[in-house]
Amino acid sequence: VKALNLGDLSSGQGLNQETTLKRCGDTRWGSHYNTLLSIINMFSAVISVLEMIIDDGPKYGQRGEAKNLLELMLSFNWATDELSQALQRKDQDIVNAMNLVRLCKLQLQTMRQSGWNSLIDEVTFFCAKHDIDVPNMDDMFVDRGRSRRKAQEITNLHRYRVELYYAVLDMQLQELNSRFNETNTELLLCLACLSPNDLFSAFNKQKLLRLAQLYPNEFSTIDIMALEIQLDTYILDMRTSGEFSELKDIGDLAKRMIETKRHNVYPLVYLLITLALTLHVATASVERAFSAMNILKNRLRNRMGEQWMNDSLIVYIEKDLFNNIDNEVVMQRYQCMKTRKGQL
């Protein structure tokens, strides 16, 4: 601060900042967790700026309420952040993802049963550190946006613990139970047994038979009996064949089986693989690809050809890969495509 006041340092965007508020994205929920961490870390500075903007109104009560809400939001995002990050990875590890779902449910349930007191202690400590008045939880809650006559008489404790804390936790638990019920979880865990990674280390014959039973229209009772015999030969072939030793995912396995004609040798196993591939239609990578399409092929470029759009999408989606390519390499590649008058 002293150097800035003396003019020895310049201020501006990206200059001499120890920390900054991180912008959150609507389609990347993990960014909300980082944003909340930044706000809490810079809470005093944020409040100072807001107090410069707001000319009237009870500020100290609002500061305490804002801190309470921030801690609530941070607690909820902390419990689901690891699961959110795992589900957004391109290389989906279904077994670990399902384990994180179970742990996330357990964490949320534990927070609901015994997490309120520790949360209040953290809020009280922070408020005392920043000279913020802590509301008495036994006092009546006053909603500033409504008339006191029509407002329901509830205490601050009921407002924060029941209407906010419990309500949000119940909503998250209900959503997780709805999206990851027992049937869906079992289906995904059985699906993971098809993975060829690490020489088919995840292979489990009984779970693959259970996976076939979940598709009664495709696998009859006789087909399942035949599949049980076929799986023994299949896994021995896969683990002893060098052609299948470097595969990473189920998509690569399906391609290699067609290339080596193994899909004719193990038709029932290949049917399982094709059914498994139809489940991965709504991953985070696919959703981002659809979002990128709206950016590239907009109203002004609605006549863009399919090949040109595919090439542009690859560059846009695989930013991490293309950021490692030097501009000189791209220029030389373009220069050598055909004879040109100018030299890049």
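Quick summary incoming for the structure in this document. Predicted model only: the values in this text are computed from it and were never measured.

With that settled, consider the pattern of salt bridges. Close approach of charged atoms allows side chains with opposite charge to pair. Under the criterion given, the structure shown has seven salt bridges. Between Asp170 and Arg112 there is a salt bridge; the shortest N-O distance is 2.6 Å. One end of the pair, Asp170, is in helix H7 (residues 156-179); the other, Arg112, is in helix H5 (residues 94-114), with 58 residues separating them in the sequence. Between Arg159 and Glu163 there is a salt bridge, with its nearest N and O atoms 3.2 Å apart.

A few words now on helix H6 (residues 116-129). Its 14 residues place the ends of H6 20 Å apart at the C-alpha level, agreeing with the 20 Å of an ideal helix rising 1.5 Å per residue. For H6, every residue scored as buried is listed here: Trp116, Leu119, Val123, Phe126 and Cys127. One face of H6 carries all of its buried residues, which in axial projection span an arc of 100°. Facing away from the buried side of H6 by more than 90 degrees, the exposed set consists of Asn117, Asp121, Phe125, Ala128 and Lys129. Looking one or two residues past H6, Asp131 carries a phi angle of roughly 55°, positive in sign.

On to the nonpolar core, then. Inside soluble globular proteins, nonpolar side chains tend to come together where they are buried. Ranked by size, the top nonpolar core spans 33 residues in total, and within it Phe219, Leu227, Tyr234, Leu253 and Ile273 carry the most contacts. The set of elements that each furnish at least two residues to this core consists of helix H8 (182-191), helix H10 (205-213), helix H11 (221-240), helix H12 (250-259) and helix H14 (267-277). Of all the elements, H14 adds the most residues to this core, at seven residues. Setting aside its immediate chain neighbours within four residues, Ile273 contacts Leu194, Tyr234, Ile250, Leu253, Ala254 and Met257.

Here the focus is the packing of H8 against H10. Closest axis-to-axis distance for the H8/H10 pair is 8 Å, and the angle between their directions is 125°. By the criterion of interaxial angle, the relationship of H8 to H10 is oblique. Pair H8 / H10 crosses with left-handed handedness. Contacts between H8 and H10 involve Glu186, Leu187, Leu189, Cys190 and Leu191 from the first element and Lys207, Leu208, Arg210 and Leu211 from the second. Of the residues contributing to the contact of H8 with H10, the split by class is six nonpolar, no polar and three charged.

The next point concerns the packing of H12 against H14. Contact pair H12 / H14: the axes reach a minimum separation of 10 Å and the direction vectors enclose 140°. In terms of orientation, H12 lies oblique with respect to H14. When the axes of H12 and H14 are compared, the crossing they make is left-handed. Counting all contacts with H12, which are made through Ile250, Gly251, Leu253, Ala254, Met257 and Ile258, the residues of H14 involved are Tyr270, Ile273 and Leu277. When the residues that make up the contact of H12 with H14 are grouped by side-chain class, the tally is eight nonpolar, one polar and no charged.

Let us now look at the packing of aromatic side chains. Evaluated as defined, the whole model comprises four aromatic pairs. Aromatic side chains Tyr165 and Tyr166 sit 5.8 Å apart centroid to centroid with 50° between the ring planes, which places their arrangement in the tilted category. Judged by its relative accessible area of 19%, Tyr166 falls in the buried class. Both rings, one in Tyr234 and one in Tyr266, keep their centres 5.7 Å apart while their planes meet at 75°; by these two values the pair is edge-to-face. Within this pair, whereas Tyr234 is found in helix H11, its partner Tyr266 is found in the loop between helix H13 (262-265) and H14, the two being separated by 32 residues in sequence.

Even without being glycine, Asp198 reaches a positive phi, approximately 55°. Position of Asp198 among the secondary structure elements: in helix H9 (residues 197-200). Backbone geometry places Lys261, a non-glycine residue, at a positive phi of 65°. With respect to the helices and strands, Lys261 occurs in the loop between H12 and H13. Accessibility expressed as a relative area gives 53% for Lys261, which makes it exposed.

What counts, and where the lines are drawn
- Residues numbered from 1 in each chain as written.
- Predicted model: local features only at pLDDT ≥ 70, side-chain atom pairs only at ≥ 80, totals over all residues.
- Heavy atoms only, no water.
- Salt bridge = Lys/Arg side-chain N within 4 Å of Asp/Glu carboxyl O.
- Helix = DSSP H or I, 4+ residues; strand = E, 2+ residues; numbered from the N terminus.
- Expected span 1.5 Å × (residues − 1).
- Buried < 20%, exposed > 50% of the residue type's maximum accessible area, 1.4 Å probe, protein only.
- Arc of directions from axis to C-beta.
- Core = buried A, V, L, I, M, F, W, Y, C linked by side-chain atoms within 4.5 Å.
- Contact = heavy atoms within 4.5 Å.
- Axes fitted to C-alpha atoms, helices over the stretch in contact; angles between N-to-C directions.
- Parallel < 35°, antiparallel > 145°, perpendicular 65-115°, else oblique.
- Left-handed = near helix turned anticlockwise from the far one by under 90°.
- Nonpolar A, V, L, I, M, F, W, Y, C, P; charged D, E, K, R; others polar.
- Phe/Tyr/Trp six-rings, centres within 6.5 Å; stacked < 30°, edge-to-face > 60°.

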